[in-house]
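Coordinates in review
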Amino acid sequence: MALQLLFHHIKDLAVLGTPGHTSLESTASEVEKIKKSLWENEQSKTAQDDEGEAGFQLQMHTTFRRLLSAVDNTTGLDVRLECGFLVVAILQGIQNLLEKEKENSHQSPNTDQSKTGRKSAAQIPPAPPDLISVQQAKDVEAVCRVLFYTAVLGCLDNEASLYVKMMLAKNKFVLGSDLPSVPQKCRHALLKEIFRVLVPVMKHEKLGICMRGPMFPEVLSSLLQLCFGPSEVKNFPEDTAFFRDQMESVFMCMDVNHAIKQILLLKGLAQRGVWFKKVCGVLLVRRFMFQPGGVAAVIGAGLSICDGKDWQQCEAVASLIAQAKISNMDQLYSTAGPQIGDLMLKEELRPEILRVVVLTVAQMARRSASLTAMHVTHSLLKPLVDTTTAEAARTFASSDANLTLCITRIHKLFVEIATPTVTLTSLLQPVLCPLMAVAALMTSHLRSKAQQILVRYLSQQQKAEAVETLLVLSGLKKCSSSPAVDPGVKFCIDDEGGVKVSTVEGIVDDSILEQDDRISKSLITVLETLKNSAVILEFYERLAECIDFTVLNEKKQSPMLLLTDEDLQMEQFEGMRRVSLGSNLLSLLADSDALTSDLFQDLSAAVPFVDRLIKAGCQDCKDEHLQKTQTSLVMNIIVLIACYVNERTLKKKMSSEDWKGLKNLIPSLDEVGENIQDETVLLYVEQLRNLLLTHGVVQTLPGDIGSSAKEGRQESANTKKGGNDRTRKSQIKQELNGNDIEKLQIKVEDKKSHEMQSPEVKSTYKEAIDDLFSPLLPVRGHSLLALGKLVEQRDPETLSHKDRLLTIFQHNLKDEDSYIYLMAVQGLSVLCDAYPDKIVGILTAEFSVGERTVEDRAKLAEALTRASRRLGPLLPHYKEQFINALLAGIRDKEPLVRAASLSSLGDVIKLLRFSLGPIVHEVFQLLHTIISHDKEAEVRRAAVLVVTLLLQGLGQDAFSVLKDVIRDLYRALRLVHTRDPDDVVRLHAQLAMEEIDTITRAFLLPKLSLSKKIYVTEMPPSPF
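Here we summarise the structure given alongside this text. (Residues numbered from 1 in each chain as written. Predicted model: local features only at pLDDT ≥ 70, side-chain atom pairs only at ≥ 80, totals over all residues. Heavy atoms only, no water.)

Brief notes about helix 9 (residues 184-203)
The condition that has to hold: Secondary structure elements are taken from DSSP: a helix is a run of H or I of four residues or more, a strand is a run of E of two residues or more, and numbering for both begins at the N terminus. Given a helix with a known number of residues, its expected span is that number minus one, times 1.5 Å. One fitted axis covers the seven residues ending at a residue, a second covers the seven starting there, and the bend at that residue is the angle between these axes.
With 20 residues, helix 9 should cover 28 Å at 1.5 Å per step; its first-to-last C-alpha distance of 29 Å lies within 8% of that length. Bending of helix 9 peaks at approximately 30° at the position of Val197, with proline Pro200 no more than four residues after it.

A few points about the pattern of salt bridges
Spelled out, the test is: Salt bridge, as used here, is a side-chain nitrogen of Lys or Arg placed within 4 Å of a carboxyl oxygen of Asp or Glu. Remark: exposure states derive from per-residue accessible area (1.4 Å probe, protein chains only) relative to the maximum for the residue type, with buried under 20%, exposed over 50%, and partly exposed in between.
Under the criterion given, the structure shown has 27 salt bridges. Lys382 is the salt-bridge partner of Asp386, the closest N and O atoms lying 3.0 Å from each other. Separated by four residues within a single helix, Asp386 and Lys382 lie in helix 21 (residues 378-386), roughly one turn from each other. Judged by its relative accessible area of 15%, Asp386 is buried. Lys382 gets classed as partly exposed once you look at its relative accessible area, which sits at 38%.

Structural notes on unusual backbone geometry
Phi at Lys172 is positive, roughly 55°, even though this residue is not glycine. Along the chain, Lys172 turns up in the loop between helix 8 (162-170) and helix 9.

So, the environment of Leu951
So the rule is basically this: Contacts are assigned to residue pairs with any non-hydrogen atoms lying within 4.5 Å of each other.
Considering the arrangement of structural elements, one finds Leu951 in helix 50 (residues 937-954). Look at Leu951 and you get buried, because its relative accessible area is 0%. With 44 residues separating them along the chain, Leu951 and Glu995 place their C-alpha atoms 6.7 Å apart. Dropping the residues within four chain positions of it, Leu951 is found in contact with Leu962, Ala992, Glu995, Ile996 and Ile999.

Thoughts on the nonpolar core
Definition in use: We call a set of buried residues a nonpolar core when its members are Ala, Val, Leu, Ile, Met, Phe, Trp, Tyr or Cys and they connect through side-chain atoms within 4.5 Å of each other.
Ranked by size, the top nonpolar core spans 311 residues in total, and within it Phe148, Phe195, Phe251, Tyr540 and Leu973 carry the most contacts. A per-element tally of this core places helix 4 (residues 79-107) first, with 12 residues. Among residues more than four places away in sequence, those in contact with Leu973 are Ile931, Val944, Val947, Ala989, Ala992, Met993 and Ile996.

Section: the side chain of Ser522
Examined against the element boundaries, Ser522 turns out to sit in helix 28 (residues 509-530). Of the residues examined, Ser522 reaches a relative accessible area of 1% and is grouped as buried. With residues up to four places along the chain from it excluded, the contact list for Ser522 reads Met436, Ala439, Ala440 and Gln451.

What follows is the structure in structure tokens.
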């Protein structure tokens, strides 16, 4: 009954300050009424009354009087303070009565089940004795507002009372004409006494919810003043220590996210520089963030206040952690860093949380990059760093590291979310080479992300640093801060298109070169995306320095070095690898229009670099394989310059200064002519030289200067071999330099004006040759097609330059584009009758061992047929080369290549007039196997067609030639005719069987001829 009375008084006090209850007179009458109800009942208690309830009332009365004594009453007591004291006393009484009810319920005996019957088992369990109703909870919350807006508010200083005053205005609490006040000297004592009573109430499981919920900011503001207020810390150290322990115990009873949220609210309202804001920040860090899971709790609480989609608000939440005001930076990074790293590696993470985590890392990196690398990003980058260690194979043999998630999170951190800074991107340095290896995977969805990460890193570096990084990524340079991937492991694609690491048992040179090729292509993509012409030019200048074609030349070994054969082989392999890498990158440069346009933006810087490359191609190389690479390098550079000059000339963008700069390449081009004997290179060098000397007007030297230049180079070569006649060479150089160049240009201008008057003077052959140097790929392909048609048409001018055409077609066989390649193949096939030995060998080798696409090889088989037709009567001399190449194609794994090879074999056999010789049995056995066992219908069709052609060609000789295989062949044809699912195959089999039937009938039933032979000078044959 006493508990209900107290809640009734609470309800009466809760309405104070609301409309209709704002006057001090009504407050005073209400207070007097409640005091009379409580204290008169206390005096009227007799010895027979409940001693417990009397004790609780006495305790409430004692608390009320102790609070009154804490205030100086000399000037009169404010009735609002007395109201607050009464609320504190009643709350204490309610808390004590609830505790007593709970104790009594534990001590009371269990209910007798026999009296309650069966229904007791189905009854709902009784409510806890200390449970309060929803309305009572609302009344307690309302009366707590009365307490804090009266007695507590008068004890708070300006900083701690800011939130309380704001909520007082928001709730429109009015009680009197001004705010209650407490004398300065009494504030601490009164606030201390109030919270000594309220702290147990707040800890109560049921009653404390009313104060730990919406009222907690007011409670926390008061506690922070008691614990950390400047005057309290200075004058009452024992009280501050006591209340700090009490505040910790209150936090233990609360939800962590709710507590952090209220601290953030108070911190945001506090003014900059005051003690209250600093205390909130320190409390947030030391009490919550330094605990396990504290960073996630702070982020969750911050996002519950703000909008997770707002970028600036996410930055603010991140700054709570990254910019925490703490003197010990190591403690902050070592405690919060691992928690952030673990959050980044969680698979299921809400986007807004991930955004805040990434922004936190970025801010921490700006504050201290070294501590961030040590404590924050270490766990994120560790899976990639492990691939660069010597123990990588052992680590990943038993590891389940999620590399796909790792790279995705790195992309989020460094590309998608965080603002790029030098300090942030510098954290990527240890994992650059693993990221390059991932970027080289052709079919992984992480390839583009890895490339974007590398581009972001390079874009934040200075030019020199970016170039050094590119050399490290390409494998041409080693760097301890960016180690390469361990050779014992390799990146591969998992089942979902991501990335995983597998161990490599043995290191194979071919696999290393293949990986280098993939890295080179990926590096070109990175450079194209980077779009920094200065970095690109500097990188290729450094690349030219790394190319040394004399690496395999015999060198004198120092007697102090003890090198084994294995060491020498490894050294030679690394040297060849560097040359191959550099040459491959330069070739890819020539194929990239984006990089070429960036490279030649400034000719004054590009010409020295090109000149250095040409001179590298003129080095004295002794190795045959490196000579081919050297020739290919020079060829690519010369074609690149020629295409550039042609393009700029057509667009009329070449200035006199540009021509003057390009003429500095003439001495290097002369050196190429003296050191390289490849006819194709010499042709292109001469063409480029003409372009530069005549400012792009002509590409063929007028008069006999071209032949003079050729003779000059031949004389130079002869002089190198031991000749002493240098007169002719000097005359030629004098003719091509000095004043004679001016005469040559005058002749060119005259020729140009003459051509303008008579446009039909330029022949089709010369137009096709000019188009060979066009920057447009379709134009170059069409020029090769035009040259091939001119040879077919027996054009006299074209046939007079067939040596040059042979070198042109041979060079274009190396082109990666299918259109150029096939035009070159057709051109070679039409030249087959002029150079049968060379061209038959080239075409058959390309078809047998060439690494081209399936479509290209199928069309190459057709080109072999054309070449065999061009040979005519010479074909039997080369039949073994043709048939061996086509038989190799028949065994190819691609069905289109097999079908094309069979079709070409039938045409070649027909052109040979079926004179196959001793290999006819091998051919028929192969055809029998294909007809019986090949799964592709196109291949079976071609095989049966070849059988038909062979039978037609052999005629009645088929029984004598095929006596061992014709029976099995006929059975196979019958089986195919009855069971093959393809209609065309069955038709071809029927035709072949009809051919065998015709041959058999002619053999068994020869035609009778009524002829008589008269022998005059010879003896007739014996009839017996």
